[in-house]
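Listed below, chain by chain, are the residues.
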Amino acid sequence: MARKEFGVGVVEYVNQFFKDKAKDTTYLNELLMRCKDNGIKNHLIMIDGEGDLGSTTKAELDKAIDQHKQWVECAEIPRLRHISVNAAG
């Protein structure tokens, strides 16, 4: 509907709306297929709530990096070109 009625051709995502789908390859492949079928390009995913990448504490920083990695991997399947993060800290 968004493509046909409003001409939306590029989408951005926010991880908060599908946190349980980051490693669900079936879901992510279906998302890519639906986008391709409708001429939609996936652009980026905004990552929130996965830790402070600007933390000065090594343990917190390491944890945040590990938590963000799943989203880098997730972005590959639907061919997202970018991820956006909140450095915080």
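Above this note sits the structure.
Residues numbered from 1 in each chain as written. Predicted model: local features only at pLDDT ≥ 70, side-chain atom pairs only at ≥ 80, totals over all residues. Heavy atoms only, no water.

Colleague: Explain the pattern of salt bridges to me, and be specific about the residues and the numbers.
Modeller: Between side chains of opposite charge, pairing is possible as soon as their charged atoms come close. Within the structure shown, the criterion is met by five salt bridges. In this structure, Glu30 and Arg34 form a salt bridge, with 2.9 Å as the shortest nitrogen-oxygen distance. On the criterion of helical spacing, the pair formed by Glu30 and Arg34 is a turn pair, its members being four residues apart in helix H2 (residues 25-37). On the basis of relative accessibility, which here comes to 53%, the residue Arg34 falls in the exposed class. Asp62 serves as the salt-bridge partner of Lys58, at 2.8 Å between the closest nitrogen and oxygen. Taken as a pair, Lys58 and Asp62 lie in helix H3 (residues 58-76) at a separation of four residues, close to a single helical turn. (Salt bridge = Lys/Arg side-chain N within 4 Å of Asp/Glu carboxyl O. Helix = DSSP H or I, 4+ residues; strand = E, 2+ residues; numbered from the N terminus. Buried < 20%, exposed > 50% of the residue type's maximum accessible area, 1.4 Å probe, protein only.)

Colleague: Hey, could you go over H2 for me, with residue numbers and the actual values?
Modeller: The terminal C-alpha atoms of H2 lie 18 Å apart, and with 13 residues this matches the ideal 18 Å at 1.5 Å per residue to within 8%. Of all the positions in H2, only Leu28, Leu31, Leu32 and Cys35 are classed as buried. End-on, the buried residues of H2 take up no more than an arc of 95°, which puts them together on one face. Within H2, the exposed residues directed more than 90 degrees away from the buried face are Thr26, Arg34 and Asp37. Considering only its buried residues, H2 is in contact with strand E1 (10-14), strand E2 (41-47) and H3. Directly after H2, the chain includes Gly39, whose backbone phi takes a positive value near 70°. (Expected span 1.5 Å × (residues − 1). Arc of directions from axis to C-beta. Contact = heavy atoms within 4.5 Å.)

Colleague: I'd like a description of the pairing of strand E3 (residues 82-85), backed by residues and values.
Modeller: If a strand is regular, its side chains alternate between the two faces of the sheet. Bridge analysis of E2 against E3 gives four bridges, and the strand direction is parallel. The residue bridging Met46 from the neighbouring strand is Ser84, located in E3. Crossover handedness for the path E2 to H3 to E3: right-handed. (Pairing = 2+ DSSP bridges. Right-handed = clockwise from strand over helix to strand, strands pointing away.)

Colleague: How would you explain unusual backbone geometry if you had to name every residue and give the values?
Modeller: With a phi angle near 60°, Arg79 is a residue other than glycine that sits in the positive phi range. Position of Arg79 among the secondary structure elements: in the loop between H3 and E3.

Colleague: Let's hear about the nonpolar core: which residues, and what values?
Modeller: Membership of the largest hydrophobic core comes to 13 residues, with the highest contact counts inside it found for Tyr13, Phe18, Cys35, Ile45, Trp71 and Leu80. Counting residues per element, the ones that place at least two in this core are H2, E2 and H3. If sequence neighbours within four positions are ignored, Tyr13 has contacts with Phe18, Leu31, Cys35, Asn42, Leu44, Ile45, Met46 and Leu80. (Core = buried A, V, L, I, M, F, W, Y, C linked by side-chain atoms within 4.5 Å.)

Colleague: How would you explain the environment of Cys74 if you had to name every residue and give the values?
Modeller: Among the structural elements, Cys74 can be located in helix H3. What makes Cys74 buried here is its relative accessible area of 1%. Residues in contact with Cys74, not counting those within four places in the same chain, are Ala22 and Leu28.

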